[in-house]
Amino acid sequence: MLAALALGVLLTAALPPFYIIPAAFLAFSGLLWLLDGVRTDPRPIRAALVVGWWFGIGHFVSGLYWIANALLVDAAHFGWLVPFAVGGLSAFFAIYPALAVAAYGAMRGPRVARILVFAGAWMVSEYLRGVVFTGFSWNLLGTVWAFSAASMQGAAFVGAYGLGLASVLLFTAPAILGGDVRRPWRAAVALVLLGLLPMIGGGIRFASAPVAGRDLIPGVKLALVQANIDQQMKWAPEQRIAIIRTYLELTGRAVHDGATHVVWPETAVPVALARELDVRAAIAATLANGPTEALIAGTVRVTSPDEPFRLWNSVQAFDRQGNVIDTYDKFHLVPFGEYVPLRGWLPIDKITPGSVDFSAGPGPETIVVPGLPLVGPLVCYEAIFPGDVAKRDPRPGVLLNVTNDAWFGDSTGPRQHFAAARMRAVEEGLPLVRAAGTGISAIVDPYGRVLASLALGRRGIVEGELPVALPPTPFGRFGNGIALILAAVAIAAGLALRRPN
């Protein structure tokens, strides 16, 4: 159990922001050798489940420890939840890799056949983790390739889930050399080549890409405002005016510099903008000092006073007069962050301020903003879900991710979040505009190349032009169906190669 726990922690070192890829080879090969050690157990499937679960515990505790930072923002009320949140979530998420490991343990036959089944089962387990109980597609194995734009291009063909399948084949290849295969080097090389196929295809795609920053939409100059407001100050009543003034001051600088479109991050100011006429008037007065056509802001949206009270975590576009042009409501809500599941049974409050749960929007949508192509908004962690970030018809011309990673402090969390968002740009062939309250604000082209950015913990403005979208990628056309088919093929191939030991 301790060995499995340590191997799970080791795998985390291969993920963003560390990208120590050799750690993944050690983690997966060590896991398979460890599983071979329990194959003599009278209940091998149960033993494999236990090994896989402890492997998952180590992996998720080390990869999701930053969740504790969100609870410590209001430590007096939520600090006691830290061990339950980090430990409990990790224990639950560990079930998914445990099921994949159990599939390996249940197989009989040569190791190469078991690896094929394991790779397919791993991909299916990650997919299920992304959809069951609203899903949580954080730290997918495929994001180990987000260390450069060139290395992540395979996502345009098979998506992050498909890259995860290929990665398992690659990272388990060394385990063949200590196994029961007659020609181990031949089998290991075959697994390496299969695992590298998406990366090879992605490399060919990247080689034909235009120079970064060349294909741009004329007449558009973006300004992304990152105010770097401490989360403990965000909703303090005495800070309300100061926060609004900070955003208006930064916006004024952007307008003076000639920005045509200004973007504020998730719940940028501690008011519902659509209902605050004085704030909207101040926005209009600020935009009037330059060529700015619109301001797009993350904001809380609430019902009118004569309706039953509801609220949404939204993105709203405002014109030069401060009028609302269009609205998008977040649909992937954070359990316990924006709503409490089983509220009638669980005696706890949501972490975000207020006693009323947020309502969910209808799903991926586009909004219309003058001077821009159709915008596909994503609020906060909606950017982590492969295949569920862009409306298919009409397809947006840009992904807009507004977020507030101040909740997670100076940890791996904001960096992992940015890596996942970049992967969505590559998958869909769409540029990504990302405005963070604090975190990493950036303009990213459809190949995942960062054209302009502002680091975590900095206050300032990201200015740049908007890249042109690419035609729909294979993943953009068929989504996660490609990866699911590949998983079925891998499992079928493994079963076909099965033979008695």
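In what follows, the structure referred to is the one given above.
Report on the accompanying structure. Predicted, not measured: the structure shown is a model, and the values here were computed from it. Within any chain, residue numbers begin from 1 and follow the written order of that chain's sequence. At least 70 in pLDDT is required for a residue's local features to be given in this predicted model, at least 80 for side-chain atom pairs to be given and counted, and no such filter applies to totals for whole chains, interfaces and linings, which use all residues. Calculated side-chain values reflect all of the structure's heavy atoms, with hydrogen atoms and water omitted.

## Section: the overall build of the protein chain
Part 1: Here a helix means four or more residues in a row that DSSP labels H or I, a strand means two or more in a row labelled E, and each is numbered from the N terminus. Counting its secondary structure elements, the protein chain contains 17 helices and eleven strands.
Part 2: A compact globule built from 501 residues should have a C-alpha radius of gyration of about 23 Å, and the protein chain, at 24 Å, falls within 12% of that.
Part 3: Reported as C-alpha extents along the three principal axes, the dimensions of the protein chain are approximately 75 × 55 × 35 Å.
Part 4: It only takes one pair of heavy atoms within 4.5 Å for two residues to be counted as in contact. Here the contacts in the protein chain between residues at least 6 apart in sequence split such that 70% fall between residues at least 24 apart.
Part 5: Here the Shrake-Rupley method, with its probe set to 1.4 Å, supplies the accessible areas, and only the displayed protein chains count as covering residues. Accessible surface for the protein chain amounts to roughly 19,400 Å². Of this, 65% is attributable to carbon and sulfur atoms. For the radius of gyration, the atoms used are the C-alpha atoms, and the globule rule reads 2.2 Å times the number of residues raised to 0.38.

## Regarding the pattern of salt bridges
Part 1: The term salt bridge refers to a pairing of a side-chain nitrogen on Lys or Arg with a carboxyl oxygen on Asp or Glu at a separation within 4 Å. The final tally for this structure, using the stated rule, is 13 salt bridges.
Part 2: Among the salt bridges present, the one from Arg392 reaches Glu428, with a minimum N-O distance of 2.9 Å. Of this pair, Arg392 sits in the loop between β6 (375-379) and β7 (398-403) while Glu428 sits in helix α15 (residues 412-428), and the two are 36 residues apart along the sequence.
Part 3: A simple rule labels every residue: compare its accessible area, found with a 1.4 Å probe on the protein chains alone, to the largest value its type can have, and call it buried under 20%, exposed over 50%, or partly exposed in between. Under the relative-accessibility criterion, Arg392 is labelled partly exposed at 40%.
Part 4: By relative accessible area, which is 2% here, Glu428 ends up buried.
Part 5: With its nearest N and O atoms 3.3 Å apart, the salt bridge here joins Asp405 to Arg434. Here Asp405 is found in the loop between β7 and α15, whereas its partner Arg434 is found in strand β8 (residues 432-436), with 29 residues between them in sequence.
Part 6: On the accessibility criterion, Asp405 (0% relative accessible area) is buried.
Part 7: By sharing partners, the salt bridges in this structure join Asp36, Arg111 and Arg114 into a single network.

## Comments concerning the sheet that holds strand β9 (residues 441-444)
Part 1: Read across the open sheet, the five strands follow the order β6-β7-β8-β9-β10; overall the sheet is mixed. If you trace the sheet from one side to the other, it starts and ends with β6 and β10 (450-454), each paired once. The average angle at which neighbouring strand axes cross in this sheet is 10°, direction not considered.
Part 2: As judged from the five bridges shared by β7 and β8, these two strands associate in the parallel manner. Residue pairing across strands places Thr403 opposite Ala436, the latter belonging to β8. Should DSSP find at least two bridges between two strands, the strands are regarded as paired. Lines fitted to C-alpha atoms define the axes here, with helix axes fitted over just the stretch in contact, and angles between the N-to-C directions of these axes take values from 0 to 180 degrees.

## Some remarks on the packing of aromatic side chains
Part 1: Note on aromatic contacts: the rings of Phe and Tyr and the six-membered ring of Trp form a pair at centre separations within 6.5 Å, being stacked when their planes are under 30 degrees apart, edge-to-face when over 60 apart, and tilted otherwise. Applying the stated criterion across every chain, the model contains 24 aromatic pairs.
Part 2: Each ring, one from Phe136 and one from Trp138, has its centre 5.8 Å from the other, and the planes form 10°; the classification is stacked.
Part 3: For Phe136, a relative accessible area of 14% corresponds to the buried category.
Part 4: Accessibility expressed as a relative area gives 4% for Trp138, which makes it buried.
Part 5: Here the aromatic cluster, defined as three or more aromatic residues joined through ring pairs, consists of Phe60, Trp66, Phe92, Phe93, Tyr96, Phe133, Phe136, Trp138, Tyr381, Phe385 and Phe408.

## A look at the packing of helix α1 (residues 2-12) against helix α2 (residues 21-37)
Part 1: Where α1 meets α2, the closest approach of the two axes is 8 Å, and the angle between their N-to-C directions is 155°. Taken together, the axes of α1 and α2 are roughly antiparallel relative to one another. For α1 against α2, the interelement crossing comes out left-handed. Contacts between α1 and α2 involve Ala3, Ala4, Leu7, Leu10 and Leu11 from the former and Ala23, Ala24, Leu26, Ala27, Phe28, Gly30, Leu31 and Leu34 from the latter.
Part 2: Each residue receives one of three labels: charged for Asp, Glu, Lys and Arg, nonpolar for Ala, Val, Leu, Ile, Met, Phe, Trp, Tyr, Cys and Pro, and polar for the others, Gly being one of them. Among the residues forming the contact of α1 with α2, the class breakdown is twelve nonpolar, one polar and no charged. Here roughly perpendicular refers to angles of 65 to 115 degrees, roughly parallel to angles under 35, roughly antiparallel to angles over 145, and oblique to all remaining angles. Should the near helix be turned anticlockwise from the far one by less than a right angle, the crossing is termed left-handed; should it be turned clockwise, right-handed.

## Notes on the side chain of Gln416
Part 1: As for its position among the elements, Gln416 is in helix α15.
Part 2: Classification of Gln416 by relative accessible area gives buried; the value is 4%.
Part 3: Side-chain polar atoms of Gln416 contact the backbone oxygen of Pro16, separated by 3.4 Å.
Part 4: When near neighbours in sequence (up to four residues on either side) are disregarded, Gln416 contacts Pro16, Gly63, Trp66, Trp138 and Asn139. Polar contact criterion, stated in full: a pair of N or O atoms within 3.5 Å, where within protein one must be able to donate a hydrogen and the other to accept it, and residues adjacent in sequence count only if both atoms are side-chain atoms.

## So, the pairing of β10
Residues in a regular strand point their side chains to alternate faces of the sheet.
Part 1: With four bridges connecting them, β9 and β10 associate as antiparallel partners. Looking across to β10, one finds that Ile443 is bridged to Ala452.
Part 2: Where β9 folds back onto β10 in an antiparallel hairpin, the turn is made up of five residues, including Gly448, whose phi is positive at roughly 80°.

## Things to note about the side chain of Thr260
Part 1: Its place among the elements puts Thr260 in the loop between α13 (240-256) and β2 (261-264).
Part 2: Residue classification places Thr260 among the buried positions, given a relative accessible area of 9%.
Part 3: With sequence-adjacent residues up to four places away left out, Thr260 is seen in contact with Gly219, Val220, Lys221, Pro291, Thr292, Glu293 and Ala294.

## A short note on α15
Part 1: When the terminal C-alpha atoms of α15 are compared, their 25 Å separation across 17 residues agrees well with the 24 Å that a helix rising 1.5 Å per residue should span.
Part 2: Across the 17 residues of α15, 16 count as buried, placing the element largely inside the fold.
Part 3: One or two residues past the end of α15 sits Gly429, with phi positive at roughly 70°. Helix span, expected: 1.5 Å multiplied by one less than the number of residues in the helix.

By themselves these figures say nothing about function.
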